[in-house]
Structure formats: C-alpha cells, structure tokens
Amino acid sequence: MLTAEQLLATHKANIETLFTLGQKAFEGVEKLVELNLQTAKTTLDEVADHTRAVLSVKDAQELVALQSALLQPNAEKVAAYSRHVYDIAASTSSEVSKLAETQAAEAQKKFLSVVDNAVKNAPAGTENAVVLVKSAVAAANNAFDSVQKAAKQAADVAEANFQAITNTAVKATQAAKPRKTA
C-alpha cells in the first residue's frame with residue numbers, strides 16, 4: 001500500500017510536471033508571437049517600399065512589371081513562414097511528447113513496483129491470479145509501446161509530407177518567375 005509520503009511525493013511530481021508542460025506550451029506561444037511580430041514588421045516595411053515604388057511608376061508597363069515582381073517572392077515568403085510555424089509546433093510537440101514519455105515510463109515503473117510488491121505478498125493458492133495479472137500488465141505495456149511507435153511513425157510521415165509539399169510549392173513559384181528579356 002502507498003504511504004502518505006509516497007502520495008505526497010507523487011502529487012508534487014505531478015504538479016511539477018504540470019508546470020513544466022505549461023512552461024513548454026508558453027515557450028511555443030512565445031516563439032509564435034515573436035515570429036508573427038517579425039513577420040508583421042517585415043511586411044510593413046515591404047508594403048512601404050512597394051507603395052513608394054508604385055508612386056514613382058511612369059507608365060502602365062512599369063506598373064505591371066512591379067506588381068509581378070511583388071507577387072513572386074510572396075509565395076516563397078508564405079512557404080517560409082509556414083515552415084517556421086510548423087517547426088515551432090513540431091519542436092513544442094516534441095518537447096511535450098518527451099516529457100509525457102518520461103512521465104509514462106516513471107508511472108509504469110511505479111505501477112510495476114506495486115504489482116511486484118503485491119505478487120510477493122500474495123497469499124498461497126493465488127498463483128493463477130498472479131500469472132493473470134502479470135500477463136495483463138505485459139500486454140498493456142506491449143500495447144502502449146505499439147501505440148507510441150505508431151504515433152511516432154505518423155508524426156514522421158506528416159513531417160515528410162509537409163516538407164515535400166513546401167519544397168514543391170517553392171520550386172513551382174521559382175519556375176513560374178518571369179524571365180527578363182534583353
């Protein structure tokens with residue numbers, strides 16, 4: 001059975017984990033805010049520069065060329081911004097997952113310790129029940145490991161797909177750039 005000290009230590013550890021998770025989430029939000037502020041500042045500067053350039057245009061052909069020149073880099077910038085947002089989200093998610101895995105492993109160890117202690121103190125004649133409990137615990141551990149591996153594989157596939165789509169979009173934009181004629 002768990003003592004009061006063990007329960008108190010468990011609650012302290014759980015609260016510490018909660019604060020750590022909150023801190024990781026806050027750091028992710030902080031990075032997103034910083035990225036958005038930098039993007040807004042850069043965009044504002046570019047809009048000011050573009051407005052000045054539009055105001056100095058002398059004819060319609062120059063205006064069309066100026067507008068075309070503006071649209072091409074925007075697709076690349078959107079792709080880069082999306083990549084940064086994805087990297088921040090993936091990094092935050094990875095840190096939270098590592099913490100969750102650590103906590104799950106710790107909880108699993110404690111649970112196995114309790115089960116082992118209960119097995120050692122089991123009365124005579126309960127051997128079949130002990131075998132059943134051990135088998136159930138082993139099956140639960142295997143299922144948990146399988147789910148963790150599947151989730152990791154799914155995250156890896158999603159990341160690879162995101163990178164492929166981003167790279168394809170950037171290449172398509174670069175290929176569509178108008179060529180200068182001499």
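Residues numbered from 1 in each chain as written. Predicted model: local features only at pLDDT ≥ 70, side-chain atom pairs only at ≥ 80, totals over all residues. Heavy atoms only, no water.

Visitor: What should I look at first to understand the overall build of the protein chain in this one?
Guide: For the protein chain, the helix and strand inventory stands at 3 helices and 0 strands. The linear arrangement of helices and strands in the protein chain, starting from the amino end, is α-α-α. The C-alpha radius of gyration of the protein chain comes to 28 Å, more than 25% above the 16 Å expected for a compact globule of 182 residues. Taken along the three principal axes of its C-alpha coordinates, the protein chain extends 100 × 30 × 15 Å. Counting over 182 residues, the protein chain shows a buried share of 9%. Considering only residue pairs separated by 6 or more positions, the protein chain has 78% of its internal contacts joining residues 24 or more positions apart. (Helix = DSSP H or I, 4+ residues; strand = E, 2+ residues; numbered from the N terminus. Rg over C-alpha atoms; globule rule 2.2 N^0.38 Å. Buried < 20%, exposed > 50% of the residue type's maximum accessible area, 1.4 Å probe, protein only. Contact = heavy atoms within 4.5 Å.)

Visitor: Can you help me understand helix α2 (residues 60-120) in this one?
Guide: Given 3.6 residues per helical turn, the α-helix brings residues three or four places apart onto the same face. Taking 1.5 Å as the rise per residue, α2 with 61 residues should run 90 Å; its terminal C-alpha atoms sit 89 Å apart, in good agreement. Residues of α2 that are buried: Gln72, Ala79, Ile88, Thr92, Leu99 and Val115. (Expected span 1.5 Å × (residues − 1).)

Visitor: What exactly am I supposed to notice about the pattern of salt bridges here?
Guide: Proximity of charged atoms lets side chains of opposite charge pair with each other. Per the stated rule, a full pass over the model turns up 3 salt bridges. Note that Arg52 and Asp49 form a salt bridge whose closest N and O atoms lie 3.0 Å from each other. Remark: Asp49 and Arg52 occur in helix α1 (residues 4-55); sequence separation between them is 3 residues, near one turn of the helix. (Salt bridge = Lys/Arg side-chain N within 4 Å of Asp/Glu carboxyl O.)

Visitor: Help me out: how do you make sense of the confidence of the model for the protein chain in this one?
Guide: The predicted structure's coordinates, where accompanied by low pLDDT, should not be read in detail. With 92% of its residues at a pLDDT of 70 or more, the protein chain shows a mean pLDDT of 81. The lowest-confidence element of the protein chain is helix α3 (residues 127-175), averaging 76 in pLDDT; the highest-confidence one is α1, averaging 89. (pLDDT = per-residue confidence, 0-100.)

Visitor: Is there a simple way to think about the packing of α1 against α2 in this case?
Guide: A pair of packed helices is captured by two measures, namely the crossing angle of their axes and the spacing between those axes. It is at 11 Å that the axes of α1 and α2 come closest, and there the two elements cross at 175 degrees. Between α1 and α2, the interaxial angle falls into the category roughly antiparallel. Residue composition of the contact of α1 with α2, grouped by class: 14 nonpolar, 12 polar and 7 charged. (Axes fitted to C-alpha atoms, helices over the stretch in contact; angles between N-to-C directions. Parallel < 35°, antiparallel > 145°, perpendicular 65-115°, else oblique. Nonpolar A, V, L, I, M, F, W, Y, C, P; charged D, E, K, R; others polar.)

Visitor: Is there a simple way to think about α1 in this case?
Guide: With 52 residues, α1 extends 76 Å from end C-alpha to end C-alpha; this agrees with the ideal 76 Å at 1.5 Å per step. For α1, the full list of buried residues reads Thr17, Gly28, Leu35 and His50. For α1, the elements touching its buried residues are α2.

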